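The chain contents come next:
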Amino acid sequence: MSTKHLSPEVLNERRLEAVRLRLDGHTVAQTAARAGLSAPTVSAAWKAFREGGWTAVPVRPR
């Protein structure tokens with residue numbers, strides 16, 4: 001299932017988990033596999049976190 005087909009709630013949970021995994025030292029590839037996200041989505045969540053903290057990680061409403 002691609003991230004395009006996830007509900008915003010599920011996608012946000014996975015993005016938050018991806019940031020937690022990155023904070024724990026996992027690589028983008030490891031994080032993508034464990035969180036069920038693409039590497040670009042993991043990178044986008046990580047960038048959002050670095051630039052705006054936890055509140056910036058969830059996706060904007062579609």
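These notes cover the structure that comes with them. This structure is a prediction, so every number in the text was calculated from the model and none was measured. (Residues numbered from 1 in each chain as written. Predicted model: local features only at pLDDT ≥ 70, side-chain atom pairs only at ≥ 80, totals over all residues. Heavy atoms only, no water.)

Right, let's get into the overall build of the protein. Scanning the protein for helices and strands turns up three helices and zero strands. From first element to last, N terminus to C terminus, the protein shows the α and β order α-α-α. Relative to the compact-globule value of 11 Å for 62 residues, the protein shows a C-alpha radius of gyration of 10 Å, a close match. For the protein, the spread of C-alpha atoms along the three principal axes comes to 30 × 25 × 15 Å. When burial is assessed residue by residue, the protein has 31% of its 62 residues classed as buried. A separation of at least 24 residues holds for 53% of the contacts in the protein among residues at least 6 apart in sequence. Carbon and sulfur atoms provide 54% of the accessible area of the protein, an area that totals close to 4000 Å². When the 10 positive and 5 negative side-chain charges of the protein are each reduced to one mean point, those points stand 7 Å apart. (Helix = DSSP H or I, 4+ residues; strand = E, 2+ residues; numbered from the N terminus. Rg over C-alpha atoms; globule rule 2.2 N^0.38 Å. Buried < 20%, exposed > 50% of the residue type's maximum accessible area, 1.4 Å probe, protein only. Contact = heavy atoms within 4.5 Å. Areas by Shrake-Rupley, 256 points an atom, 1.4 Å probe, with all protein chains shown as cover. Lys, Arg positive; Asp, Glu negative; His and termini not counted. Charge placed at Lys NZ, Arg CZ, Asp CG, Glu CD.)

The next point concerns the packing of helix H2 (residues 28-35) against helix H3 (residues 39-52). Contact geometry for H2 and H3: axes closest at 9 Å, N-to-C directions at 105°. Our classification of the angle between H2 and H3 gives roughly perpendicular. Facing Val-28, Thr-31 and Ala-32 of H2, the residues of H3 in contact are Ala-39, Val-42 and Ser-43. When grouped by side-chain class, the residues that make up the contact of H2 with H3 number four nonpolar, two polar and no charged. (Axes fitted to C-alpha atoms, helices over the stretch in contact; angles between N-to-C directions. Parallel < 35°, antiparallel > 145°, perpendicular 65-115°, else oblique. Nonpolar A, V, L, I, M, F, W, Y, C, P; charged D, E, K, R; others polar.)

Let us look at the side chain of Thr-41. Turning to its location among the elements, Thr-41 is positioned in helix H3. There is a polar contact of 2.9 Å between the side chain of Thr-41 and the side chain of Ser-38. (Polar contact = N/O pair within 3.5 Å; in protein donor to acceptor, adjacent residues only side chain to side chain.)

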